[in-house]
Amino acid sequence: MIRVLVVDDSNAVRELLVHILGTAPGLAVVGCAADGEEALRMAHELSPDVITMDLQMPRMDGYEAIRRIMQACPTRIVVVSGSEDRAEVDASFRAIEAGALVLVRRPYGIGNPAHADSARALVRTVKAMAEVRVVRRWGDARRAARPLQGAPRRLVAIGASTGGPTVLRDILAELPAGFPLPVVIVQHLAPGFMDGLATWLADAAAYPVEVIQDGMQLAAGRAYLVPETWQAAVGPGLVCRLLQAPPEHGMCPSVSYLFRNIDAELRPATAAVLLTGMGKDGAAELKLLREQGALTIAQDRASSVVYGMPGEALRLDAAMLVLEPAEIGKVLARLPAEPFPSTVFPTNGDPP
């Protein structure tokens, strides 16, 4: 039985969450807290398996509560957000930085047509997070100490899931201003947070981070996030197309779809990276890219919150390098790069 502590300052929201989680098979609500101080005390006393955490609360907000809980009694924390305003989105990513595992939208109330789907999403997330390791250890890695040799690169493609935002931040922080390659990122994320993630990552990077638009030509020195509910393909001339294609591995966007739909001529000039996350999304396609001449990198076990995706890549022998996040950034920063084309390519072609 997975034991859950519910933290929210709203009586109505607490009752909703207790109803959803308390009636789900395999879950038991062991306590409720109305602010961060109560959450900290109850985390000590009850030792729950998972905490659902509100952010905007009196006395001690959710961010501070997460920071203190992760210092004193590390626990799996799911941030349950009910707002899309800029302040709460920013706070959500500060919460991830403090140690929360994942963000999820607050379920709709009983009677709302979307209630059942949103309730199932919360239950699914809490159950999945109960399997995640609590303590992250930034351990040893196989390091690439010398400047990398080999074919010049034109594109960096990165896939990440649970635990990915902080890892992406650490990688992008290692890339210098004027980095000569575009970086395309698939990050599995709850709906409504992608713009906030772009802003949060840009604060740590020395260059712009933005959400891709259909037909956009990728530019050197910029990072791009694939938006929610779309699949992405990178075609000739580094033109990115967004497509309404089915989910893969239950995900849209999917790392597998992106990696598989990089233009054939670009693949040998690509550096592809697979980071922390559940499941197998992107692993087989990372191997395909390696076989076609790409540089392939997987995150190491010690630094991964969840070793599903990179672990599957290792099982398939898909990764040429296995590194911790900062070292991944340093390797990317040393990549030999082709001179970036100045020609503006058409954006109305078919996706690869």
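1. Details of the packing of aromatic side chains
So, point 1. A full pass over the atoms with the stated rule returns 2 aromatic pairs.
So, point 2. Ring geometry for F93 and F193: centres 6.2 Å apart, planes at 85°, overall edge-to-face. With F93 in helix α4 (residues 86–98) and F193 in the loop between β7 (183–187) and α7 (194–204), the pair connects residues that are 100 residues apart, well separated along the chain.
So, point 3. Residues F93 and W200 carry aromatic rings whose centres are separated by 5.6 Å and whose planes lie at 25° to one another, so their mutual orientation is stacked. Of this pair, F93 sits in helix α4 while W200 is found in helix α7, placing the two residues 107 residues apart along the sequence. Each member of the pair, F93 together with W200, is buried.
So, point 4. An aromatic cluster is built from F93, F193 and W200, whose rings are joined through pairwise contacts.
So, point 5. Residue placement shows R94 over the ring face of Y63; its charged tip is 3.8 Å from the ring centre.
So, point 6. Over the ring of F193 we find R105; its NZ or CZ atom is 4.2 Å from the centre of that ring.

2. Description of the pairing of strand β2 (residues 27–33)
So, point 1. Here strand β1 (residues 2–7) pairs with β2 via 6 bridges, running parallel. Paired with V6 across the two strands is C32, which belongs to β2.
So, point 2. Regarding the hand of the β-α-β motif, the stretch spanning β1, helix α1 (residues 11–22) and β2 is right-handed.

3. Overview of the side chain of E312
So, point 1. Inspection of the secondary structure puts E312 in helix α10 (residues 308–315).
So, point 2. Separated by 2.8 Å, the side chains of E312 and R315 make a polar contact.
So, point 3. Once residues lying within four places of it in the same chain are set aside, the contact partners of E312 are K280, A283 and Y307.

4. What to know about the nonpolar core
So, point 1. Membership of the largest hydrophobic core comes to 63 residues, with the highest contact counts inside it found for M53, I66, L172 and L332.
So, point 2. Sorting elements by how many residues they give to this core places α4 first, with 6 residues.
So, point 3. Beyond its immediate stretch of four places on either side in the chain, L332 contacts V156, I171, L175, F179, A271, V273 and I297.
So, point 4. Within the second largest apolar cluster, 30 residues are counted, among which are L218, L274, A283 and M309.

5. As for unusual backbone geometry
So, point 1. Cis rather than trans, the peptide bond between C252 and P253 has omega equal to 10°.
So, point 2. Following the sequence through the fold, P253 ends up in the loop between β12 (239–243) and α8 (255–260).
So, point 3. Of note, the phi angle at T229 is positive, near 70°, even though the residue is not glycine.
So, point 4. Along the polypeptide, T229 turns up in the loop between β10 (223–225) and β11 (231–235).

6. Topic: the pattern of salt bridges
So, point 1. The full count for this structure, using the stated rule, is 18 salt bridges.
So, point 2. With its nearest N and O atoms 3.0 Å apart, the salt bridge here joins R241 to D214. Here D214 lies in the loop between β8 (209–211) and β9 (216–217) and R241 lies in strand β12, a separation of 27 residues in the sequence.
So, point 3. Relative accessible area serves as the criterion here: at 17%, R241 is assigned to the buried category.
So, point 4. By relative accessible area, D214 is classed as partly exposed at 43%.
So, point 5. Note that R260 is salt-bridged to E248, the shortest N-O span being 2.4 Å. Within this pair, whereas R260 is found in helix α8, its partner E248 is found in the loop between β12 and α8, the two being separated by 12 residues in sequence.
So, point 6. It is possible to trace a salt-bridge network through shared partners that takes in D8, D54 and R106.

7. Some remarks on the sheet that holds β9
Strand pairing in a sheet takes place through backbone hydrogen bonds and is either antiparallel or parallel in direction.
So, point 1. Pairing is antiparallel in the open sheet, where 3 strands are placed in the order β9-β12-β11. Since the sheet does not close on itself, it has two edges, and those belong to β9 and β11, each with one partner.
So, point 2. The pairing of β9 with β12 spans 2 bridges and is antiparallel. Bridge pairing links M216 to C240 in β12.

8. A few points about the environment of L266
So, point 1. Mapping L266 onto the fold places it in the loop between α8 and β13 (270–274).
So, point 2. L266 gets classed as buried once you look at its relative accessible area, which sits at 2%.
So, point 3. Each C-alpha atom, one on L266 and one on G237, is 8.9 Å from the other, the two residues being 29 residues apart in sequence.
So, point 4. Those residues in contact with L266 that lie beyond four places of it in its chain are R154, V234, G235 and L238.

Rules of the game
Residues numbered from 1 in each chain as written. Predicted model: local features only at pLDDT ≥ 70, side-chain atom pairs only at ≥ 80, totals over all residues. Heavy atoms only, no water. Phe/Tyr/Trp six-rings, centres within 6.5 Å; stacked < 30°, edge-to-face > 60°. Helix = DSSP H or I, 4+ residues; strand = E, 2+ residues; numbered from the N terminus. Buried < 20%, exposed > 50% of the residue type's maximum accessible area, 1.4 Å probe, protein only. Lys NZ or Arg CZ within 6 Å of the ring centre and 35° of its normal. Pairing = 2+ DSSP bridges. Right-handed = clockwise from strand over helix to strand, strands pointing away. Polar contact = N/O pair within 3.5 Å; in protein donor to acceptor, adjacent residues only side chain to side chain. Contact = heavy atoms within 4.5 Å. Core = buried A, V, L, I, M, F, W, Y, C linked by side-chain atoms within 4.5 Å. Salt bridge = Lys/Arg side-chain N within 4 Å of Asp/Glu carboxyl O.

None of this, on its own, says anything about what the molecule does.
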